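Spelled out, the chains give:
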Amino acid sequence: MKQRCLTEGELAHLKKTFPTISISDSTSPVIYASCEELVSLTEFLKTNADFAFTHLSCLTAVDLKDAIEVVYYLFSEPLDACAVVKVRLDRENPEVPSITGVFPGANFEEREVYDLMGVRFTGHPDLRRILMPEGFEGHPLRKDFVYKKPVPPQAVRAGAPREVEA
């Protein structure tokens, strides 16, 4: 069964509660929020009985070359509806509040976005790399990332004499 998007009435109710958000005009509306209102917006969407978006389906980020967008996909079982919330960030200093206090399951997804896109989630309980090794330079999913092949260590044949410095 296909999930529905929020209706115009539901979006109007949301806009009345959060007047600074913007909503795209399309068949699959997107809610654009600022960093300052993200936590309160997601908390409202989760706890308000009219919405009950209790499940964070996915959290990801997109490199737009001039900015980075963090994208949150929420699901409401009572409404059988999905909602998409986006936050646009400065590409040079991508930082957004963590929503792990609202959705504890965001922990690993925020770490993944931090690791691969370089987005810092303020207030995250354990923000560190999750896929790339510690000390890895850069963020592989950014469009300007250039992979530098590591130089492997020189092999030494077993039993071969080693040079001894005097």
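A brief report on the enclosed structure follows. Predicted model only: the values in this text are computed from it and were never measured.

How each quantity is defined
Within each chain, residue numbers correspond to sequence positions counted from 1 in written order. Confidence filtering applies because this is a predicted model: local features only for residues at pLDDT of at least 70, side-chain atom pairs given and counted only at 80 or more, and all residues used for totals across whole chains, interfaces and linings. Water and hydrogen atoms play no part in the side-chain values, which are based on all heavy atoms of the structure. A helix here means a DSSP run of H or I that spans at least four residues, while a strand means a run of E at least two residues long, and both kinds are numbered starting from the N terminus. Exposure classes here rest on a 1.4 Å probe applied to the protein chains alone. A residue is buried below 20% of its type maximum, exposed above 50%, and partly exposed in between. For this analysis, residues touch if any pair of their heavy atoms sits within 4.5 Å. Computed with a 1.4 Å probe, the accessible areas rest on the Shrake-Rupley method; for each residue, only the protein chains presented here act as cover. Only when DSSP finds a minimum of two bridges between them are two strands counted as paired. Take the number of residues in a helix, subtract one, and multiply by 1.5 Å to get its expected span. Arc definition: it is the arc formed by the directions from the helix axis to the C-beta atoms.

Quick word on the overall build of the protein chain
Then comes step 1: A count of helices and strands for the protein chain gives three helices and eight strands.
Then comes step 2: When the elements of the protein chain are put in sequence order from the N terminus, they spell out β-α-β-β-α-β-β-β-β-α-β.
Then comes step 3: Dimensions of the protein chain along its principal axes, counting C-alpha atoms only, are 80 × 30 × 30 Å.
Then comes step 4: Classification of the 166 residues of the protein chain by burial places 38% in the buried group.
Then comes step 5: Restricting to contacts in the protein chain with at least 6 residues of sequence separation, those with at least 24 account for 49%.
Then comes step 6: Working note: accessible area of the protein chain is about 10400 Å², and carbon and sulfur atoms make up 54% of it.

Here we look at the pairing of strand S5 (residues 67–76)
Then comes step 1: Taking burial as the measure, the ten residues of S5 include nine buried ones, the bulk of the element.
Then comes step 2: Relative to S5, strand S4 (residues 55–63) runs antiparallel, the two sharing eight bridges. Counterpart to alanine 61 in the pairing with S5 is valine 70.
Then comes step 3: Linking S4 to S5, which pair antiparallel, is a turn of three residues; within it lysine 65 sits at a positive phi near 75°.

Some points on helix H2 (residues 35–47)
Then comes step 1: Taking 1.5 Å as the rise per residue, H2 with 13 residues should run 18 Å; its terminal C-alpha atoms sit 19 Å apart, in good agreement.
Then comes step 2: Along H2, the positions that sit buried rather than exposed are Cys35, Glu37, Leu38, Leu41, Thr42, Phe44 and Leu45. Buried residues of H2, seen end-on, are gathered within an arc of 160° and therefore sit on one face of the element. Turned more than 90 degrees off the buried face of H2, the exposed positions are Glu36 and Thr47.
Then comes step 3: On the buried face of H2, the contacting elements are helix H1 (8–17), strand S3 (30–32), S5, strand S6 (81–90) and strand S7 (95–97).

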